[in-house]
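Geometric and topological summary
As a plain string of letters, each chain reads:
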Amino acid sequence: MKKTSDRRILAILSTWPSQQHPYIIFLLAELKIRFPNMELFLFRRGENVYADRLLGFYKQKMVLQNVFYKFQVTYNPIEYIIVVFNILKSLKSSIALFEHCRDEGKKVYQAIGQLIYYHEILGKNYDLVYINALQLGRHLCIRGLFQNTPVVASSRGQDFDLDPNGFDRVLTQIDHLHVLGNYLKNKAIGRGFSSDRITIIPPASLPCGKVDLKKKQNYSKGINIVSASRLVWTKGYIYALRAFKGILQRLGDVDIHYHIIGDGPQKEFILAEAHRMKIAKKITLHGWQTQDKVTELVSSGDIYLLLSIEEGFNNSVLQAQGLGLPCVVSDAGGLPENVADGITGFVVPRYNVGAATDALINLILNKNLRRGMGLAAKERVEDKFTLDKQVDAYTKMFKQQMKLR
Amino acid sequence: MTVLEILNSYPGETFIREHARAILRKSTVELAWAFAQTSLLGDLPKPVSGLSYCFAMPNFNRLSKSKKITIRLRRPLRSWHHEKEATVLRCVQRVKPDVIHFQFASTAVQWSWIAKKLNVPFTFSVRGSDVQVLPLLTKHYLERLKKISVKSKRIHAVCDNLKSLFCDLTGIPAAKVDVIRTVVSDRWKAVTREPEPNLFISVGRLHWSKGFPDLVVAAKLVKDRGGDFKLLIIGEGPERAHIEYLIRDLNLKDCVRLEGAKSHSEIQNYFRKATAIVLSSLLEGFPNVLAEAMLAGVPIISTNCGGIGEILQDKKNAWIVQTGAPDDLASQMMRCLDNKVVQERLARIAQKQAESIFSPEQHCRDFLRFWQVDKGST
């Protein structure tokens, strides 16, 4: 029997390291230590400098030891020669993949596309394949590429919510599903996936690294409300702005400021809406920031606000709780599992601006409540959502899956 | 007199096509069109008959490599910057315009150098996002807008609200800005109303400025209060996934439906059947769809944003609600379901007003005065 350290695992990710998803950077680095033979398959090249800063040069290099990339169209003829060579080298696997694609109803050019895109991993034998997001599974002919290898995939939100029927084919091809919480587990069961093949592993609060948490930002002296996320419609900024306006209307001349950290397509909307509501002076858009800077900006705030309308679990809320901020969140997706209502913050019904305003005012006017909830949040995160616990759970899940075959 | 109008994308928005028809039908002004945001080159088929010229101005950010190389080969020794400028000017010069009119302020900001090079006076239109949103996004845009506003001969705004916003932003005196209302085709008047019971429609691009999430939440509130209705949302755009998700999440599949983009004749058919049109916009100049609905005699429920309040007043010719308040919108929808006689009366009043406000004659007269065309050419 092989030792754990000898096991060959293939982790398929869209990109690594990714500035948008720092949690994967830490998770992969830790998993690579537990499974040194883990190889990566990336859909796009990542920003290596970014991982350098978070992990250090050597750790980053270690993760990127065995990396394969999805084929990109290029002007370099040598690349095409390599593709043909790889396909011919593992001819048996190539034919099997081609036939499998045709059996699945794919057209000839689609089947050839699969051969070209994934030529680097053709014919390789792995003990386990891990697909980091269900969305990636849709591009792969999973059973054609990894005939009898156990395949584990992660559901991280947005998949079942935004395209309810779109992942049924992927679910039939994977052996095991990892989800971030009960919300996603129930969604998967609703799609006919058996519950005993699902493991819940919540995300972890990320290490703060070299961030000086005592260093306060140049915020206003009053109450500072903070949100940190991509500026996309799923995050419900339309309701957050209205709740903030509600506070200003009800509390009058109280010094309250709203800081929004992040960038995205809804920036235009947030700016225009803030101007229309005449609250633009009370709102600061910090734009995209590095993970360290986000930690600094969030830790200097007093209340964390996120009124998402669609959510898997949300890492930023977890991070804010780890930094000791009470959170006001909506009940979208996994947020009620993320925040303990009435203990580490308030969970309000989504689309309900009035309830969010009430919860925020409750926290603004009650300093002791803010402090108490902040401490409780920090304790809960340090107890339940640590990186060690997350990596242990992943290791256990991977080992179980490898044993089954 | 020849007026060269510079538009963004081919074949031009409906309201600009109607504007051209009104001008060409009622005056002897020669109208030429140039498109600034296309990947096309050279003369194009005329979207409105009667235009003296219709062509694409080379937008070098959008042209393909092969097109750029073709242009470059003409004068290989000349600097690329000068060649680009000369190519654009060559297109425009053959029109010999007396006035250049930019149909959007953002287009004027980008292309007003043409007027300077040709030594031709220019005017431009202020229509909405070019003064409501763009100045918030980029630092230099506002500075450039101020500069070209000073240099332009006159400025056109589609409603008083945009006029005052523009004057506040740029510091331009109000006397330099003319409000000329949009023009609506007579075919909307020909819609024969045969309203189906409890059918609401909403028409617009699926964009955040239209506030469709508020409309869907309002629909949920109406349903929860026992209202029996259907809501059809007509249009396409980047917010589709958002609205689809809301419909699923709020369990409204049986009463709210996304219809996608529809042609004008299809929209006329929706207007014929609709109990009322509902507009939940957050940011508008004056929405053309409201002008069309007014002329077609469709009862209107709308938010009070931009220039809407200048023409539509609550309980006088429409039902007007506060912007960004789904609760109010739901209450008005409920009231509309219960008061069919009142809503048809309001719609008739609005229709009469629309006939005079959005008439092609009025629009043509106003624009000739705006360009300071001699009276003899009318």
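This structure is a prediction, so every number in the text was calculated from the model and none was measured.

A look at the overall build of chain B
The secondary structure content of chain B amounts to 17 helices and 14 strands. A compact globule built from 378 residues would reach a C-alpha radius of gyration of about 21 Å, and chain B, at 22 Å, matches this within 12%. Counting only C-alpha atoms and orienting by the principal axes, one finds that chain B spans roughly 75 × 45 × 40 Å. The burial tally for chain B puts 46% of its 378 residues in the buried class. For chain B, contacts bridging at least 24 residues in sequence account for 70% of all contacts bridging at least 6.

Description of the overall build of chain A
Helix and strand content of chain A: 19 helices and 13 strands. Its C-alpha radius of gyration of 23 Å places chain A within 12% of the 22 Å reference for a compact globule of 405 residues. When its C-alpha atoms are laid out on the principal axes, chain A stretches across 75 × 45 × 40 Å. Here chain A, with 405 residues, has 46% of them falling under the buried criterion.

Quick look at the sheet that holds strand E1 (residues 2-7) of chain B
Residues and elements named next belong to chain B. One open sheet accounts for 8 strands, arranged E3-E4-E2-E1-E5-E6-E7-E8; its pairing is mixed. Strands at the two margins of the open sheet, each flanked by one partner only, are strand E3 (42-43) and strand E8 (177-179). Sitting on the sheet, helix H9 (residues 160-170) is in contact with strand E6 (122-126), strand E7 (154-157) and E8, with an inclination near 165° to E8.

Side note on the interface of chain A and chain B
At the junction of the two partners, chain A supplies 14 residues and chain B supplies 14 residues. Contributions of two or more residues to the side of chain A that touches chain B are made by helix H9 (159-162), helix H12 (237-251) and helix H13 (267-276) of chain A. Top contributing element to the side of chain A that touches chain B by residue count: H13(A), with 7 residues. Taken together, the residues that form the side of chain A that touches chain B break down as 7 nonpolar, 1 polar and 6 charged.

Quick word on the sheet that holds strand E10 (residues 283-287) of chain A
Residue and element names in this part refer to chain A. Within the open sheet, the 6 strands sit side by side as E10-E9-E8-E11-E12-E13. Their pairing is parallel. Where the open sheet ends on each side, the last strands, each with one partner, are E10 and strand E13 (345-348). Adjacent strand axes in the sheet meet at a mean angle of 20°, parallel and antiparallel pairs treated alike. By the bridge criterion, 6 bridges tie strand E8 (residues 223-228) to strand E9 (residues 256-261) in an arrangement that is parallel. For Ile-225, the partnering residue across the bridge sits in E9 and is Tyr-258.

Quick notes on the packing of helix H5 (residues 91-103) of chain A against helix H6 (residues 108-117) of chain A
All names here are of chain A. The contact between H5 and H6 brings their axes to 9 Å, and the two run at 145°. Judged by the sense of rotation from one axis to the other, the crossing of H5 with H6 is right-handed. Each of Ser-94, Leu-97, Phe-98, Cys-101 and Arg-102 in H5 lies in contact with H6, whose residues at this interface are Gln-110, Ala-111, Gln-114 and Leu-115. Here the contact of H5 with H6 is built from residues that sort into 5 nonpolar, 3 polar and 1 charged.

Focus: the domain arrangement of chain B
All names here are of chain B. Partitioning chain B into structural domains gives domain 1 (2-183 + 359-377) and domain 2 (186-357). The centre of domain 1, based on its C-alpha atoms, is set 32 Å off from the matching centre of domain 2. Contacts between the two partners involve 13 residues from domain 1, matched on the other side by 12 residues from domain 2. Going through the elements one at a time, helix H1 (14-26) and H9 are the ones with two or more residues in the side of domain 1 that touches domain 2. Residues belonging to the side of domain 1 that touches domain 2 are distributed by class as follows: 4 nonpolar, 6 polar and 3 charged.

Thoughts on the domain arrangement of chain A
Residues and elements named next belong to chain A. Here the domain parsing of chain A yields domain 1 (4-204 + 387-404) and domain 2 (223-384). Computed from C-alpha atoms alone, the centre-to-centre distance between domain 1 and domain 2 is 33 Å. Opposite the 14 residues of domain 1 that make contact, domain 2 presents 10 residues. Secondary structure elements with two or more residues in the side of domain 1 that touches domain 2: helix H1 (22-34) and helix H11 (182-190).

Here's the deal with helix H2 (residues 48-55) of chain A
All names here are of chain A. Regarding H2, the residues found buried are Ala-51, Leu-54 and Leu-55. For H2, the angular spread of the buried residues around the axis is 80°, confining them to a single face. At the exit of H2 stands Gly-56, carrying a positive phi of roughly 100°.

Looking at the environment of Leu365(A)
Residue and element names in this part refer to chain A. Tracing the backbone through its elements, the reader meets Leu-365 in helix H17 (residues 353-365). Exposure remark for Leu-365: the 12 C-beta atoms within 10 Å place this residue in the exposed category. A C-alpha to C-alpha distance of 35 Å links Leu-365 and Gln-158, two positions 207 residues apart in sequence.

Side note on the nonpolar core
In this structure, Tyr304(A), Val328(A), Leu360(A), Ala34(B), Ile277(B) and Ile300(B) are the most contacted members of the largest nonpolar core, which totals 226 residues. Looking at this core, the element that brings in the most residues is H12(A), giving 8 residues. With residues near it in sequence (within four places) discarded, Val328(A) still touches Ile303(A), Leu305(A), Gly345(A), Phe346(A), Val348(A), Ala356(A), Ala359(A), Leu360(A) and Leu363(A).

Regarding the environment of Gly374(A)
Residues and elements named next belong to chain A. Among the secondary structure elements, Gly-374 is positioned in helix H18 (residues 367-384). Considering only alpha carbons, one finds Gly-374 and Arg-191, 183 residues apart in sequence, at a separation of 37 Å. Leave out the neighbours within four places in its chain, and Gly-374 touches Gly-324, Leu-325 and Pro-326.

What to know about unusual backbone geometry
Excluding glycine, most residues fall at negative phi; most peptide bonds, likewise, are trans. Each neighbour pair has its own omega, and for Trp16(A) with Pro17(A) the value is -5°, a cis peptide bond. Within the secondary structure layout, Pro17(A) lies in the loop between strand E1 (9-16) and H1. In the segment running from Tyr10(B) into Pro11(B), the intervening peptide bond is cis, with an omega of 5°. As for its placement among the helices and strands, Pro11(B) is situated in the loop between E1 and H1. Positive phi values are uncommon outside glycine, yet Tyr351(A) reaches one of about 70°. Tracing the chain through its elements places Tyr351(A) in the loop between E13 and H17. Residue Tyr351(A) is classed as buried on the basis of its C-beta count, with 25 C-beta atoms lying within 10 Å. Positioned with a positive phi, Asn251(B) is a non-glycine residue whose angle comes to about 60°. Residue position: Asn251(B) is located in the loop between helix H11 (240-249) and strand E11 (256-260). The class of Asn251(B) is exposed, set by 11 C-beta atoms lying within 10 Å.

Overview of the pairing of strand E4 (residues 53-56) of chain B
Residue and element names in this part refer to chain B. As judged from the 4 bridges shared by strand E2 (residues 30-35) and E4, these two strands associate in the parallel manner. Along E4, the bridge assignment pairs Trp-33 with Cys-54. Bridge count between E3 and E4: 2 bridges; the pairing is antiparallel. The residue of E4 that forms the bridge with Gly-42 is Ala-56.

Reading the values: the criteria
Residues numbered from 1 in each chain as written. Chains lettered and ligands numbered in written order. Predicted model: local features only at pLDDT ≥ 70, side-chain atom pairs only at ≥ 80, totals over all residues. Helix = DSSP H or I, 4+ residues; strand = E, 2+ residues; numbered from the N terminus. Rg over C-alpha atoms; globule rule 2.2 N^0.38 Å. Buried ≥ 20, exposed ≤ 12 C-beta atoms within 10 Å, placed from the backbone. Contact = placed C-beta atoms within 7 Å. Pairing = 2+ DSSP bridges. Axes fitted to C-alpha atoms, helices over the stretch in contact; angles between N-to-C directions. Nonpolar A, V, L, I, M, F, W, Y, C, P; charged D, E, K, R; others polar. Left-handed = near helix turned anticlockwise from the far one by under 90°. Domains from an automatic or database assignment. Arc of directions from axis to C-beta. Core = buried A, V, L, I, M, F, W, Y, C linked by C-beta atoms within 7 Å.

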